[in-house]
Amino acid sequence: MERPLAGEITIRRVRADEWRHWRATRLRMLRDDAHFFSTRYDDMVREPDDTWREWVAEAADGDQKALFVADEDGRWLGVVGGFVRVDPQEAQLISMWVDRAARGRGIARDLIRELAAWTKARGSSRVVLFVQEANRPAQELYLRAGFRPTGDRMPASAGRSAFKQILAASVDELLA
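If you're wondering where the values come from, they're calculated on a predicted model, not measured in any experiment.

With that settled, the discussion passes to the nonpolar core. By size, the foremost hydrophobic cluster in this structure holds 32 residues, and its most contacted members are Leu93, Leu111, Ile112, Tyr142 and Phe147. Residues in contact with Phe147, not counting those within four places in the same chain, are Leu93, Ile112, Val127, Leu129, Tyr142, Leu167, Ala168, Ala169 and Leu174. By size, the runner-up hydrophobic cluster in this structure holds 16 residues, among which are Leu30, Met44, Leu67 and Trp76.

Rendered as structure tokens:
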């Protein structure tokens, strides 16, 4: 579903033929905000095109994963992804990012709502995410959106001393 927002921003699902745009955006977010993601730029930049093509195709057409973009005249201002967890009542929010120049415009909140709507449409009732403990702005955003800490935390990734918190929210809270 495409929803235009104020300023002609449209929140929409990524299409399979946009895998190059997703790759460029993903690499940009990992380069520009590396300390807030568990995945490393140096690892992802070496992924073959087929990996990117397959992931985006599955996210565009399937019901197990999705990618959404905040699109302003072909410029991607923000993205979010999600996938169904082992428990089919849960989806996991991943790869949330908004361009620094576009922050503060409500784009992240609208991306979260779109992912929540996808989660609800596929029959799941809860969204879970991992957020770096050092990423206070993201934690505050998620709390304002309706997420709450589960009390669990885990190492950010191998070779890093950082930790990430696990947050969760019901789909209804996110859509309220």
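Here we take up the layout of surface pockets. Considered as a void within the structure, the largest pocket measures approximately 1,000 Å³ in volume. The set of elements that each furnish at least two residues to the lining of the largest pocket consists of α1 (19–32), α3 (49–61), β5 (90–98), α4 (107–121), β6 (126–132) and α5 (136–145). Tallied by class, residues from the lining of the largest pocket come to 22 nonpolar, nine polar and seven charged.

On to the packing of aromatic side chains, then. Tallied over the entire structure, the rule returns one aromatic pair. Measuring from ring centre to ring centre gives 5.7 Å for Tyr142 and Phe147, while their planes differ by 75°; the resulting arrangement is edge-to-face. In this arrangement the basic side chain of Arg153 is found over the ring face of Phe163, its NZ or CZ atom lying 4.0 Å from the centre. Here Lys164 stacks its cationic end above the ring of Phe130, 5.1 Å away from the centre of that ring.

Here the focus is the packing of α1 against α3. Two elements in contact, α1 and α3, have axes whose closest approach is 9 Å; the angle formed by their N-to-C orientations is 105°. Taken as axis vectors, α1 and α3 run roughly perpendicular relative to one another. Residues Trp19, Trp22, Arg23, Arg26 and Leu27 of α1 form the contact with α3, whose participating residues are Asp49, Trp52, Arg53 and Val56. Looking at the contact of α1 with α3 residue by residue, the class counts come to five nonpolar, no polar and four charged.

Unlike most non-glycine residues, Asp73 shows phi in positive territory, near 55°. Here Asp73 shows up in the loop between β3 (65–72) and β4 (75–84). Given a relative accessible area of 73%, Asp73 falls into the exposed group.

This next bit is on α4. Taking 1.5 Å per residue, 15 residues should reach 21 Å; α4 reaches 21 Å between its end C-alpha atoms and fits that length. Among the 15 residues in α4, eleven count as buried, and that is most of the element. Those residues of α4 lying buried are Ile107, Ala108, Arg109, Asp110, Leu111, Ile112, Glu114, Leu115, Ala116, Trp118 and Thr119. Among the residues trailing α4, Gly123 stands out with phi positive, at a value near 95°.

Reading guide: rules and limits
Residues numbered from 1 in each chain as written. Predicted model: local features only at pLDDT ≥ 70, side-chain atom pairs only at ≥ 80, totals over all residues. Heavy atoms only, no water. Core = buried A, V, L, I, M, F, W, Y, C linked by side-chain atoms within 4.5 Å. Buried < 20%, exposed > 50% of the residue type's maximum accessible area, 1.4 Å probe, protein only. Contact = heavy atoms within 4.5 Å. 1 Å grid on protein atoms, 1.4 Å probe; cavity = no way out; pocket = protein on both sides within 12 Å on 5 of 7 lines; lining within 4 Å. Points joined across faces, edges and corners; volume = space filled by probe spheres on them. Helix = DSSP H or I, 4+ residues; strand = E, 2+ residues; numbered from the N terminus. Nonpolar A, V, L, I, M, F, W, Y, C, P; charged D, E, K, R; others polar. Phe/Tyr/Trp six-rings, centres within 6.5 Å; stacked < 30°, edge-to-face > 60°. Lys NZ or Arg CZ within 6 Å of the ring centre and 35° of its normal. Axes fitted to C-alpha atoms, helices over the stretch in contact; angles between N-to-C directions. Parallel < 35°, antiparallel > 145°, perpendicular 65-115°, else oblique. Expected span 1.5 Å × (residues − 1).

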